[in-house]
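# Observations on the three-dimensional arrangement
Each chain, written out:
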Amino acid sequence: MEDSFSKITPFLRMPYIIQQKATNIWHQNLKLSDHGNDIVIGVLVMIAMAAVPAMVLFAIVAESVDQHKHLQYISGCNPVVYWLSHFCFDFALSLVVVGLNGLVIYFFDVDVYNRNFNCWAIILTMILYMWSMIACLYPISYLFKEPSTAYVLVAVINLFLGLGSLVFVYMLDLISREGVIF
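None of the values given here were measured: they were computed from a predicted structure. (Residues numbered from 1 in each chain as written. Predicted model: local features only at pLDDT ≥ 70, side-chain atom pairs only at ≥ 80, totals over all residues. Heavy atoms only, no water.)

The next thing to look at is the overall build of the chain. The helix and strand tally for the chain stands at seven helices and zero strands. Each helix and strand of the chain, ordered N terminal to C terminal, gives the series α-α-α-α-α-α-α. Considering the chain as a whole, with its 182 residues, one finds that 26% of them fall into the buried category. Contacts spanning at least 24 positions in sequence make up 80% of the contacts within the chain whose residues lie at least 6 apart. Of the roughly 13100 Å² of accessible surface on the chain, 71% is carried by carbon and sulfur atoms. (Helix = DSSP H or I, 4+ residues; strand = E, 2+ residues; numbered from the N terminus. Buried < 20%, exposed > 50% of the residue type's maximum accessible area, 1.4 Å probe, protein only. Contact = heavy atoms within 4.5 Å. Areas by Shrake-Rupley, 256 points an atom, 1.4 Å probe, with all protein chains shown as cover.)

Right, let's get into the environment of Trp83. If you trace the backbone, Trp83 turns up in helix 4 (residues 79–108). Taking the relative accessible area as the measure of exposure, Trp83 reaches 29% and is therefore partly exposed. Separated by 55 residues in sequence, Trp83 and Tyr138 have C-alpha atoms that sit 9.6 Å apart. If we skip the residues at most four places from it in the chain, Trp83 touches Lys69, Tyr73 and Tyr138.

For the largest pocket, the calculated volume is near 800 Å³. If you go around the largest pocket, you meet 24 residues; those closest to its centre are Gly42, Tyr113, Gly162, Ser165 and Leu166. Of all elements in the fold, only helix 2 (35–66), helix 5 (111–114), helix 6 (118–140) and helix 7 (147–176) reach the threshold of two or more residues within the lining of the largest pocket. Residues of the lining of the largest pocket, tallied by class, amount to 15 nonpolar, six polar and three charged. (1 Å grid on protein atoms, 1.4 Å probe; cavity = no way out; pocket = protein on both sides within 12 Å on 5 of 7 lines; lining within 4 Å. Points joined across faces, edges and corners; volume = space filled by probe spheres on them. Nonpolar A, V, L, I, M, F, W, Y, C, P; charged D, E, K, R; others polar.)

Right, let's talk about the side chain of Asp90 for a bit. For Asp90, the location among the structural elements is in helix 4. Exposure remark for Asp90: the relative accessible area of 7% places this residue in the buried category.

Our focus in this paragraph is the side chain of Ser94. By the element assignment, Ser94 lies in helix 4. Setting aside residues no more than four positions away along its own chain, Ser94 makes contact with Val52, Met130 and Ile134.

Turning our attention to the packing of helix 4 against helix 6. Following both chains from N to C, one finds helix 4 and helix 6 inclined at 150 degrees, their axes separated by 9 Å at the closest point. Between helix 4 and helix 6, the interaxial angle falls into the category roughly antiparallel. Between helix 4 and helix 6 lies a crossing of right-handed hand. Of the residues in helix 6, those touching helix 4 at Trp83, His86, Phe87, Asp90, Phe91, Ser94, Leu95, Val98, Asn101, Gly102 and Ile105 are Cys119, Ile122, Ile123, Met126, Ile127, Met130, Trp131, Ile134, Ala135 and Tyr138. (Axes fitted to C-alpha atoms, helices over the stretch in contact; angles between N-to-C directions. Parallel < 35°, antiparallel > 145°, perpendicular 65-115°, else oblique. Left-handed = near helix turned anticlockwise from the far one by under 90°.)

As far as function goes, none of this settles anything; it's purely spatial.
Shown next as structure tokens:
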């Protein structure tokens, strides 16, 4: 009962023009997918840059709830020295995170970030962002009574703004390319 079945199918080659168009579309999609690495690195940097200000605000609000500032004032600490030391510590903490982000950008060797000394411009932008964000966190700390609420709210706002900016820049990059098929 050994029956062998076979089916013969004709092999039809695609016309050269259609094959060339399909190859071009595939190469365009490959170029677009190469930006996936850029986006992943951007998201990782964005998460780190959103977590640090939230962590600093958590510490500021927790300090105001526990009244550590009052203990420092009673012991004779000058208010300017107290606030300046806190600002310097928070900024030093953010510099560590910026340095680690710079190492991630450098070692992943993403062309967008490392071409034409872009890495140094991005690191400088992150330093200036942290400087301005930490300065804004001190007045914002008076809006919160609970440290956890402050942490979650600031982290979520930073993540949404960062993710929105990342998507916006990526979409502008896609629109500016010539020959992109939508």
